[in-house]
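# Chains, contacts and geometry: an overview
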Amino acid sequence: MQKGHSAVVAGLGAWLPPRVVDNDELSRSLDTSDEWIRTRTGIRERRIADADTSTVDLAVQAGGNALRSAGSDVVDALVLATSTADQLCPASAPQVASGLGLSGIAAFDVNAVCSGFLYALATAGGLIAGGIANRVLVIGADVFSRLCDPEDRSTLPIFGDGAGAVVLRAGDADEPGALGPIDLHSDGELADLLIVPAGGARQRVSAEPHDYFLTMQGTTVFRHACARMAESARTVLERAGQDVADVDRFVGHQANLRILQATAKQLGLPEDRVVANIARTGNTSAASIPLALADACEDGSLRPGHRVLMTAFGAGLTWGSTLLTWPDVKPG
Ligand code: COA
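Below: a short report on this structure. (Residues numbered from 1 in each chain as written. Predicted model: local features only at pLDDT ≥ 70, side-chain atom pairs only at ≥ 80, totals over all residues. Heavy atoms only, no water.)

## Quick notes on the pattern of salt bridges
Inspection of every chain in the model, using the stated rule, returns 10 salt bridges. For Lys-3, the salt bridge identified is with Asp-172, shortest N-O distance 3.1 Å. Of the two residues, Lys-3 is situated in the segment before strand S1 (6–15) and Asp-172 in the loop between strand S7 (161–171) and strand S8 (182–186); the sequence distance between them amounts to 169 residues. Across the pair Asp-272 and Arg-273 runs a salt bridge whose closest N-O atoms are separated by 3.9 Å. (Salt bridge = Lys/Arg side-chain N within 4 Å of Asp/Glu carboxyl O. Helix = DSSP H or I, 4+ residues; strand = E, 2+ residues; numbered from the N terminus.)

## Digging into the sheet that holds strand S11 (residues 249–252)
The strand order S8-S13-S12-S11 describes an open sheet built from four strands, whose pairing is mixed. The sheet is open, and its two edges are formed by S8 and S11, each paired on a single side. Between one strand and the next, the sheet's axes are offset by a mean angle of 15 degrees, whatever the strand orientation. Of the pairings in the sheet, the one linking strand S12 (residues 307–314) to strand S13 (residues 318–325) comprises eight bridges and is antiparallel in character. In the sheet register, Val-308 faces S13, and the bridge partner there is Leu-324. (Pairing = 2+ DSSP bridges. Axes fitted to C-alpha atoms, helices over the stretch in contact; angles between N-to-C directions.)

## Details of the sheet that holds S1
Spatially, the five strands line up as an open sheet ordered S1-S7-S6-S4-S5, and their pairing is mixed. Both edges of this open sheet fall to S1 and strand S5 (106–110), since each of them pairs with a single strand only. Strand after strand, the sheet turns through a mean of 20 degrees between neighbouring axes, direction not considered. Pairing of strand S4 (residues 77–81) with S5, which is carried by five bridges, proceeds in the parallel orientation. If you follow Val-79 over to S5, its bridge partner there is Phe-108. On top of the sheet, helix H3 (residues 55–70) reaches S1, S4, strand S6 (135–143) and S7; it is set at about 125 degrees to S1, its chief contact. Strands S1 and S7 of the sheet are contacted by helix H9 (residues 288–298), whose axis makes an angle of about 80 degrees with S1. (Contact = heavy atoms within 4.5 Å.)

Structure below.
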């Protein structure tokens, strides 16, 4: 990478809506139990956005916190990773930019569902590498509670709402915080494994209300998630010339604690390297990796100098990984 053209993490922000819904509360309206949800997923509670709070609102909060953490609100571009944009059209990123007082900058959405944050990092890194932007705000934000059928016990307990963000600045590849190799993949043949069938351009309306909600083949998704995340993690380690033993913290997409544990096991990573905040957030889709980074910084388990492996998997299917050395950055 040309000197000065690497993307370097310069700020970190998180935001969760205040309303906590624990497993017992869910069990009052759904045929499930705290015990089932905890043992099958590791989730104890999740945050749910109020009816009048949207993805844009969450993204503005997390983005503002990341800009504060970076110590400057100067950015040339905003990339929003989301699959729950406020409207089907237009994209939500320009509204987020305006909400942050940044009207005029380049702003667009990236939709790679739960892998969205990694795809957005790659996109922002490309803007920096190409000399198009010097500083980019990357936000992952989703309100997946809106996509879940309140009567579907196979999806509702798993998801939560939230937003997380980083500021990337142009810098050098050997600096702490510089993004290492990035590995991204997709397989549209398996789109039906996790899908909201109606509401998009192919089927604008449906007589079947359930078509507007997420349907998921959980067990198959579980299998693909473990295999693809491990595969992609190995790819970036190999490209970086590093070994699993070099990884201090594994920050995987928080979909299910058992997926994180199984992936770590496949990689030969000890469990104490696994960052897991899913117990209190659930699966927050594109927000999950930056939220996990922020939580790990707050509780002291992620420290400057740690080698961090980030890996995600999501609907699409999509998956990918990247590496970095954690810089001296704290959540704003
Ligand atoms: N409460 C109680 N029982 C439930 C339940 C719930 N919330 N959800 C499913 N069950 C039941 C099923 O009906 C089934 O009952 P049966 O054996 O009588 O038929 C049983 O529990 C086992 O269901 P199954 O779906 O096989 O469980 P699982 O161990 O695969 O766990 C998931 C289900 C969804 C937790 C798991 O498959 C998973 O996490 N998949 C990945 C999902 C994911 O990560 N999605 C996002 C990707 S980014």
